[in-house]
Amino acid sequence: MSRLQLALNVAELDSAIDFYTQMFRTEPHKVRPGYANFEVEDPPLKLVLIENPSATAPLNHLGVEVGTTSEVHAETQRFGDLGMEMDIEDGIVCCHAEQDKVWVSDPSGTRWEVYTVTDDLMDNSYASRAQNLIALTDVSAGATAIEDCCADGGLCVG
């Protein structure tokens, strides 16, 4: 199943969670410090909330979540055939999950990702895995930790 992803910068996470829980009649799928996501069934939507009080715009990035890595690779091939500039990230830990993804930007600079979640990292093993990745990652690209991977305009670190 594919679904559109909308990642929003929010000033205060708890009130945003309350609002979107009511709006979409569903509880969050995942809540972490400064982060929440909803898997909305109708309309099919992955809504991501990133607490970022200093953001200058509400939109963080857009995406399309697909079901498999093969679908990500097919889109990567298609984008390449179209001559689009891409950022490819396989096995990246971003937004509290391991993902394979490809990024493209529209002519105005709006970032889009096509991605699949390969490990949702729902249990406490996330903290130790993230710490190991942080130790191996240069976070100078704007993020202060793995949890903040989408705080810099959607470009994940890892």
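Check the entry above for the structure.
Keep in mind that what you see is a predicted model, and the values were worked out from it rather than measured. (Residues numbered from 1 in each chain as written. Predicted model: local features only at pLDDT ≥ 70, side-chain atom pairs only at ≥ 80, totals over all residues. Heavy atoms only, no water.)

Chemist: Explain the pattern of salt bridges to me, using residue names and the numbers behind them.
Modeler: Considering all chains together, one arrives at 8 salt bridges under this definition. The shortest N-O distance in the salt bridge between Lys46 and Glu39 comes to 3.7 Å. The class for Lys46 is buried, based on a relative accessible area of 5%. Salt bridges here are not isolated pairs; linked through shared partners, they connect Arg3, Glu39, Lys46 and Glu65. (Salt bridge = Lys/Arg side-chain N within 4 Å of Asp/Glu carboxyl O. Buried < 20%, exposed > 50% of the residue type's maximum accessible area, 1.4 Å probe, protein only.)

Chemist: Could you give me a rundown of unusual backbone geometry, with the residues and numbers involved?
Modeler: In this chain, Asp42 is followed by Pro43 through a cis amide linkage whose omega measures 0°. Phi is positive for Cys95, which is not a glycine, with a value near 55°. Mapped onto the secondary structure, Cys95 falls in the loop between β6 (87–94) and β7 (97–105). The class for Cys95 is buried, based on a relative accessible area of 6%. You will see that His96, though not glycine, has its phi angle at about 60°, which is positive. (Helix = DSSP H or I, 4+ residues; strand = E, 2+ residues; numbered from the N terminus.)

Chemist: Let's hear about the sheet that holds strand β4 (residues 45–51): which residues, and what values?
Modeler: Read across the sheet, 8 strands follow the order β2-β3-β4-β1-β5-β8-β7-β6 without closing on themselves; strand pairing throughout is mixed. In this open sheet, the two strands that pair with only one neighbour each are β2 (30–32) and β6. Taken over all neighbouring pairs, the strand axes of this sheet differ in orientation by 20° on average, direction set aside. Here helix α1 (residues 13–24) sits on the sheet in contact with β1 (3–10), β2, β3 (35–40) and β4, set at roughly 165° to β4. (Pairing = 2+ DSSP bridges. Axes fitted to C-alpha atoms, helices over the stretch in contact; angles between N-to-C directions. Contact = heavy atoms within 4.5 Å.)

Chemist: I'd like to hear about the packing of aromatic side chains, residue by residue, with values.
Modeler: By the definition in use, this model includes 2 aromatic pairs. Note on Phe19 and Tyr20: the rings are 4.9 Å apart at their centroids and 90° apart in plane angle, and the pair reads as edge-to-face. Among the residues examined, Tyr20 registers a relative accessible area of 17% and is labelled buried. Ring geometry for Tyr20 versus Phe24: centroids 6.3 Å apart, planes at 15°, classification stacked. Placement of both Tyr20 and Phe24 in helix α1 is noted, with a separation of 4 residues, approximately one turn of the helix. Owing to a relative accessible area of 18%, Phe24 belongs among the buried residues under this scheme. The rings of Phe19, Tyr20 and Phe24 are connected pair by pair, giving a single aromatic cluster. The ring of Tyr115 is capped by Lys101, whose NZ or CZ atom sits 5.8 Å from the centre of that ring. (Phe/Tyr/Trp six-rings, centres within 6.5 Å; stacked < 30°, edge-to-face > 60°. Lys NZ or Arg CZ within 6 Å of the ring centre and 35° of its normal.)

Chemist: Provide a residue-level description of the pairing of β1, including the pertinent values.
Modeler: Most of β1 is tucked away, with 6 of its 8 residues classed as buried. Strand direction decides the pairing type here: β1 and strand β5 (residues 59–65), joined by 6 bridges, are antiparallel. By the bridge assignment for β5, Gln5 is matched with Gly63. In terms of strand pairing, β1 meets β4 through 7 bridges, oriented parallel. Bridge pairing in β4 places Gln5 opposite Lys46.

In short, shape yes, function no, at least from these values alone.
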